[in-house]
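Coordinate analysis (summary)
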Amino acid sequence: MIRAVIFDVGETITRDDRYWATWADWLTIPRHTLSALVGAVVARGDDNSEALRLIRPGIDIQAEYAAREAAGRGERLDESDLYDDVRPALCALQDQDVRVVIAGNQTARAGELLRGLDLPADYITTSAELEAAKPSTDFFHRVLAASGTDPHTSLYVGDHPANDIGPAQAAGLRAAHLRRGPWGHLWADTVEAASADYRIDCLLDLVGIVSA
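Notes on the structure in this doc start here. Predicted, not measured: the structure shown is a model, and the values here were computed from it.

So, on to the sheet that holds strand β1 (residues 4-7). The parallel open sheet is built from six strands, whose spatial order is β3-β2-β1-β4-β5-β6. Single-partner strands in this sheet number two, and they are β3 (123-126) and β6 (198-200). Within this sheet the neighbouring strands show an average axis-to-axis angle of 20°, counted without direction. Alignment of β1 against strand β2 (residues 99-104), held across four bridges, turns out to be parallel. The partner of F7 across the bridge, within β2, is I102. Sitting on the sheet, helix α6 (residues 108-116) is in contact with β2 and β3, with an inclination near 160° to β3. Lying on the sheet, helix α8 (residues 137-147) is in contact with β1, β2, β3 and β4 (154-158); it crosses β2 at an angle near 140°.

The element β4 is largely enclosed, with a buried count of five among its five residues. Side-chain alternation along β4 places S154, Y156 and G158 on one buried face and L155 and V157 on a second face that is also buried. Looking at chain direction, β1 and β4 are connected through four bridges and run parallel. Residue pairing in the sheet places F7 in a bridge with V157 of β4. Looking at chain direction, β4 and strand β5 (residues 174-178) are connected through four bridges and run parallel. Across the sheet, residue L155 finds its bridge partner in β5, namely R174.

Now for unusual backbone geometry. In the segment running from K134 into P135, the intervening peptide bond is cis, with an omega of 15°. Among the secondary structure elements, P135 is positioned in the loop between α7 (127-130) and α8. One non-glycine residue with positive phi stands out, namely T28, at about 55°. Relative to the helices and strands, T28 resides in the loop between α1 (17-26) and α2 (31-43). We note that D118 has phi near 55°; this positive angle belongs to a residue other than glycine.

So, on to the pattern of salt bridges. A full pass over the atoms with the stated rule returns twelve salt bridges. The closest approach of N and O atoms between D81 and R18, which form a salt bridge, is 3.0 Å. Separated by 63 residues along the polypeptide, D81 in the loop between α4 (61-70) and α5 (86-95) and R18 in helix α1 bring together distant segments of the chain. Judged by relative accessible area, which is 28%, R18 ranks as partly exposed. Residue E64 pairs with R56 through a salt bridge whose shortest N-O separation is 3.3 Å.

Spacing of three or four residues puts side chains on the same side of an α-helix, whose turn is 3.6 residues. Over its 13 residues, α2 runs 19 Å from end to end, which matches the ideal 18 Å to within 8%, given 1.5 Å per residue. Taken as a whole, α2 has its buried residues at L34, V38, V41 and V42. Projected down its long axis, α2 shows its buried positions confined to an angular sector of 105°, all on one face. Turned more than 90 degrees away from the buried face of α2, the exposed residues are H32 and A43. Taken together, the buried residues of α2 touch α1, α3 (50-55) and α10 (181-186). G45 sits one or two residues past α2 and shows a positive phi near 85°.

What counts, and at which threshold
- Residues numbered from 1 in each chain as written.
- Predicted model: local features only at pLDDT ≥ 70, side-chain atom pairs only at ≥ 80, totals over all residues.
- Heavy atoms only, no water.
- Pairing = 2+ DSSP bridges.
- Helix = DSSP H or I, 4+ residues; strand = E, 2+ residues; numbered from the N terminus.
- Axes fitted to C-alpha atoms, helices over the stretch in contact; angles between N-to-C directions.
- Contact = heavy atoms within 4.5 Å.
- Buried < 20%, exposed > 50% of the residue type's maximum accessible area, 1.4 Å probe, protein only.
- Salt bridge = Lys/Arg side-chain N within 4 Å of Asp/Glu carboxyl O.
- Expected span 1.5 Å × (residues − 1).
- Arc of directions from axis to C-beta.

Structure, rendered in structure tokens:
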């Protein structure tokens, strides 16, 4: 029985459009250029931040992030950044007495912004707040401890097979691969994605899974 569903953030709960668009604007390059480079580094298996290093070799990403925040051009999230199925799916899960947790590889600021959206979730946290990031199993262990959930009755949902599926299973959770966003589509047919306990195209698919 699944008593808790834990959601990744980027390209699972939120679209990444704004995130990369604001980086492109900050670096004064066309948005399409950065978008294409993100796709390129994803395709070769690199971290997406490598796209910023291709634009500006030697960039100190943390320093630039701080400079953006100081200039009032930092991270932003609002209702338009959420995928359309997020609120209906989370509400439906809570209606079934399933604990809803949101936890992904994001900054502490992203955690604040997510909590400010008043989502139907019991607990929201990020890797920066947990001081552990995927694909480390420490991330999942800390999410479970912080949210008070049991790995044996928990399901992790994400779009990135290498970050979300194998590591979650290694930490004792079940895992669902979401075919969404660049990673979800590009790597949908990989061994890692195929090893997921469930494969879904929409978050509302989870309602039937937890009630089965």
